[in-house]
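A look at the structure
Take a look at the letters that make up each chain.
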Amino acid sequence: MSMNYKTLTELSDEELIHQYDKIAESTCVGLNYYTEEIARRRNEKSNKLMIHLTLWITIMTAVMLLSTIINIVIGCSKM
């Protein structure tokens, strides 16, 4: 028997892992189990890369903003 949704969502990560490990001892898996894990790992790598690239885009945008402000200040001071 499975838990209701409210009970399941209230479990801590450690409790959820413990439940998973306990049930996994008596469960047979198919190929889909492994392909889903491969897909999950690929998604995790992709998400980390996207976060890294987003950080660099943010830094580059800040540098361009600062450069624009400096150009405006220098341009206005020459007038």
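Residues numbered from 1 in each chain as written. Predicted model: local features only at pLDDT ≥ 70, side-chain atom pairs only at ≥ 80, totals over all residues. Heavy atoms only, no water.

On to the overall build of the chain. The helix and strand tally for the chain stands at three helices and zero strands. Start at the N end of the chain and walk to the C end: the helices and strands fall as α-α-α. Over its C-alpha atoms the chain spans a radius of gyration of 25 Å, topping by over 25% the 12 Å that the globule rule assigns to 79 residues. Evaluated residue by residue, the chain yields a buried proportion of 0% over its 79 residues. Surface accessibility of the chain: about 7800 Å² in total, with carbon and sulfur atoms responsible for 66%. Averaged over its 8 positive side-chain charges, the chain has a centre that lies 13 Å from the centre of its 9 negative ones. (Helix = DSSP H or I, 4+ residues; strand = E, 2+ residues; numbered from the N terminus. Rg over C-alpha atoms; globule rule 2.2 N^0.38 Å. Buried < 20%, exposed > 50% of the residue type's maximum accessible area, 1.4 Å probe, protein only. Areas by Shrake-Rupley, 256 points an atom, 1.4 Å probe, with all protein chains shown as cover. Lys, Arg positive; Asp, Glu negative; His and termini not counted. Charge placed at Lys NZ, Arg CZ, Asp CG, Glu CD.)

Turning our attention to the layout of surface pockets. Of the volumes computed, that of the largest pocket is approximately 300 Å³. Considering the residues around the largest pocket, the lining is formed by 13 residues, among which Leu16, Gln19, Tyr20, Ile23 and Ala24 are closest to the centre. Taken together, the residues of the lining of the largest pocket break down into 10 nonpolar, three polar and no charged. (1 Å grid on protein atoms, 1.4 Å probe; cavity = no way out; pocket = protein on both sides within 12 Å on 5 of 7 lines; lining within 4 Å. Points joined across faces, edges and corners; volume = space filled by probe spheres on them. Nonpolar A, V, L, I, M, F, W, Y, C, P; charged D, E, K, R; others polar.)

This part takes up the packing of aromatic side chains. Inspection of every chain in the model, using the stated rule, returns one aromatic pair. Consider the rings of Tyr33 and Tyr34, whose centres lie 5.2 Å apart with planes at 90 degrees: the pair is edge-to-face. Judged by its relative accessible area of 38%, Tyr33 is partly exposed. (Phe/Tyr/Trp six-rings, centres within 6.5 Å; stacked < 30°, edge-to-face > 60°.)

This next bit is on the environment of Asp13. Looking at where Asp13 falls in the secondary structure, it is placed in helix α2 (residues 13–24). Along the sequence, Asp13 and Leu53 sit 40 residues apart, while their C-alpha atoms lie 29 Å from each other.

What follows deals with the environment of Lys6. Looking at the element boundaries, Lys6 is found in helix α1 (residues 5–10). Remark: the alpha-carbon pair of Lys6 and Ala24, spanning 18 residues in sequence, is separated by 22 Å.

Right, let's talk about the pattern of salt bridges for a bit. Applying the stated criterion across every chain, the model contains five salt bridges. Note that Glu10 is salt-bridged to Lys6, the shortest N-O span being 2.6 Å. Of this pair, Glu10 and Lys6 both sit in helix α1, four residues apart, which is roughly one turn of that helix. Note on accessibility: Glu10 and Lys6 belong to one class, exposed. Here Lys48 ties to Glu44 by a salt bridge, and the two come within 3.8 Å at their closest N and O atoms. With a gap of four residues between them, Lys48 and Glu44 both fall in helix α3 (residues 31–77), about one helical turn apart. Of the residues examined, Lys48 reaches a relative accessible area of 56% and is grouped as exposed. (Salt bridge = Lys/Arg side-chain N within 4 Å of Asp/Glu carboxyl O.)

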